[in-house]
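Chain and residue survey
What follows is the residue order along each chain.
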Amino acid sequence: MTNLDFEPFYISFKLAAFTTIILFIIALPLSWWLSQTSNRFKPVLEAFVSLPIVLPPSVLGFYILYALSYNSPFGAFMDEYFGVKMVFNFTGLVIASCFYSFPFMVQPLQSGFESLSKNMLEASYIAGKSKMTTLLHVALPNIKPALITALIITFAHTVGEFGVVLMVGGSIPGETKVASVAIYEYVEVMDYSSAHIYSAIMVLISFLVLLSVYIFNSQHSKKFKGL
Amino acid sequence: MIKLKIQKMLHGSIGQIELNVDINIKKGEFIALAGQSGSGKTTLLRILAGLESADGEIDVFGSKWLDAKKAFAPQERGIGFVFQDYALFPNMSVLQNLLFVSKDKELAEHLLELTGLTELKERFPNMLSGGQRQRVSLCRALMKRPKILLMDEPLSALDPDMRTKLQHDILKLHKEFDTTTIMVSHDPSEMYRLASRVLVLEHGKIIKDGLAKDILLKTSGSQKFTLQGELLEIKKADVIYVAIVAIGQQIVEIVLDSNEAKSFNIGQSVQVSTKAFSPSISHL
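Residues numbered from 1 in each chain as written. Chains lettered and ligands numbered in written order. Predicted model: local features only at pLDDT ≥ 70, side-chain atom pairs only at ≥ 80, totals over all residues.

Description of the overall build of chain B
Under the convention used in this document: Helix numbers and strand numbers start at the N terminus; a helix is a DSSP run of H or I with at least 4 residues, a strand a run of E with at least 2. Buried means a residue has 20 or more other C-beta atoms within 10 Å of its own C-beta, exposed means 12 or fewer, and partly exposed covers the counts in between; C-beta atoms are placed from the backbone. A residue pair is marked as a contact if its C-beta atoms, positioned from the backbone, fall within 7 Å.
Secondary structure summary: chain B contains 9 helices and 14 strands in total. Here the C-alpha coordinates of chain B stretch approximately 70 × 50 × 35 Å along the principal axes. Expressed as a percentage of its 284 residues, the buried residues of chain B come to 33%. When contacts within chain B are restricted to residue pairs at least 6 apart in sequence, long-range pairs at least 24 apart make up 65% of them.

Remarks on the overall build of chain A
Looking only at helices and strands, chain A features 11 helices and 0 strands. Tracing chain A from N to C terminus, the helices and strands come up as α-α-α-α-α-α-α-α-α-α-α. The principal-axis extent of the C-alpha atoms belonging to chain A is close to 65 × 45 × 30 Å. For chain A, the residues scored as buried account for 34% of the 227 residues in total. Residue pairs at least 24 apart in sequence account for 73% of intrachain contacts in chain A once pairs closer than 6 positions are excluded.

Some remarks on the interface of chain B and chain A
Note the following rule: Classification used: nonpolar for Ala, Val, Leu, Ile, Met, Phe, Trp, Tyr, Cys and Pro, charged for Asp, Glu, Lys and Arg, polar for all others including Gly.
Between chain B and chain A, the contact holds 17 residues from the first and 17 residues from the second. Of all the secondary structure elements, the ones that give two or more residues to the side of chain B that touches chain A are α2 (74–77) and α3 (94–101) of chain B. Among the residues making up the side of chain B that touches chain A, the classes are represented as 12 nonpolar, 3 polar and 2 charged.

Some words on the environment of W65 of chain B
Residues and elements named next belong to chain B. Within the fold, W65 resides in strand β5 (residues 63–66). Residue class for W65 comes out buried when judged on the 22 C-beta atoms lying within 10 Å of it. Separated by 37 residues in the primary sequence, W65 and S102 place their C-alpha atoms 22 Å from one another. Look past the residues within four positions of W65 in its chain and what remains in contact with it is I58, V60, F72 and R77.

Things to note about the sheet that holds strand β6 (residues 80–82) of chain B
Residues and elements named next belong to chain B. What counts is decided by this rule: Here, strands pair whenever DSSP counts at least two bridges between them. What counts as an axis is a line fitted to C-alpha atoms, over the stretch in contact for a helix, and the angles between N-to-C directions run from 0 to 180 degrees.
Strands sit in the order β6-β7-β8-β3-β9-β10 across an open sheet of 6 strands; the sheet is mixed. With partners counted over all chains shown, the strands left at the sheet margins are β6 and β10 (205–210), one partner each. When strand polarity is set aside, the average angle formed by the axes of neighbouring strands in this sheet is 15°. Summarising the sheet, strand β3 (residues 30–34) and strand β8 (residues 180–184) pair through 4 bridges and their orientation is parallel. By the bridge assignment for β8, A32 is matched with M183. Strand contacts of helix α1 (residues 41–49): β3, β6, β7 (148–152), β8 and β9 (197–202), with the helix running at about 150° to β7, the strand carrying the most contacts.

A closer look at the confidence of the model for chain B
What counts is decided by this rule: Confidence of the predictor at the level of single residues is given by pLDDT, which spans 0 to 100.
When the pLDDT values of chain B are averaged, the result is 89; 97% of them are 70 or greater. Among the prediction metrics, the complex's ipTM stands at 0.82, with pTM recorded as 0.82.

Following this line, the structure appears as structure tokens:
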């Protein structure tokens, strides 16, 4: 118990950081587009984005595992032409986590953008500003609570994932063995004291993360009251 | 000359109406656009701004903003627009709101000076009153030195004192910047004070077009004094009846006979007129 291995936590946080950054870049234009469009295919896209919330992680994990492996055309292509293997390594974990956490980034951003005054955005267009400038200088700075929520919840949700990472990453120490998988293994070998410590750390970190989100949002809503 | 020839189907609260407007506007005119809600006033303004699509033609001083082939985006029109709800950028200070439109710091300082906002230029919109916010919005709309300034009920959310102050500001800026201004308004005194020409829109068509005094002064026949109001109550007092009518912010009593009393319904719009040959005026 004295020489507890904290590497699974390090991998969990590294995975969450990569996932959050990549998803932010992908989800920002998508959520902006979803908030502004009246395209009739919007509900189809929204339903697709939200799928990971309702699907069992095993279903998601199975499809991702298949798609990334050598058995699928995509996996074979990536291996043959780029020499990139994507299963049972960290790269595969990041790709899988991006699918798994996608709705947690898109949904807060989209509802943040939707809550913005339409006139305010139009005022920016009339001022001669492009959609991109409006997004970066007007829309994004005015949805700070939604932005913070999206970033932190995506990070926390990735730290907390289990089923998908187990299926796609396995449990290779130092490569794909994240904290949640480590706890599962401790329980399996009946090392309850280690499982207790790991679990307590997870509970504490998760609580602090959520607490900081709620504190930030309540202060921010006070500051912008009356607008 | 601004030539507007626009058609568009509107789906309003009263069903489908066709917006069909064909007008010419001279440079430097100050136009007040009046009419009941749902008559297409705001839509007309938004079409001019490029925020909504329409069929027809818009020709602004020789440049075609809209025809069968193309429509300029709002970004390409270089207009100024003042929204009823201010639409300021909350993440920017007063000065930054202006500089976001154009980096001309001298013009920004000048506009703030003209509207008495210099002291407040570092403040953020959430620390301003409604009147101050609308003045910022007005300044921001002029940062591109627009040929056309569009205002959608800019003063309707403000109290009467603040309205009067802002009306002065609007007129001052309209003259100094030599813009052609179109303002949606419901307030006759505001239209009279500001506008050189009044257009009244009903069900998507212009039904009146003329000088403010010709359109706004309510006279009928030989009656010299005509006011519009809402009938609030009819009271019986001995053998006569007394109607209580709200005219603007004022409540007045008018004597009716029994036949007249029966012919009116509570809540209806009424006209109060009198042959006042020499009405008197005095200080309050």
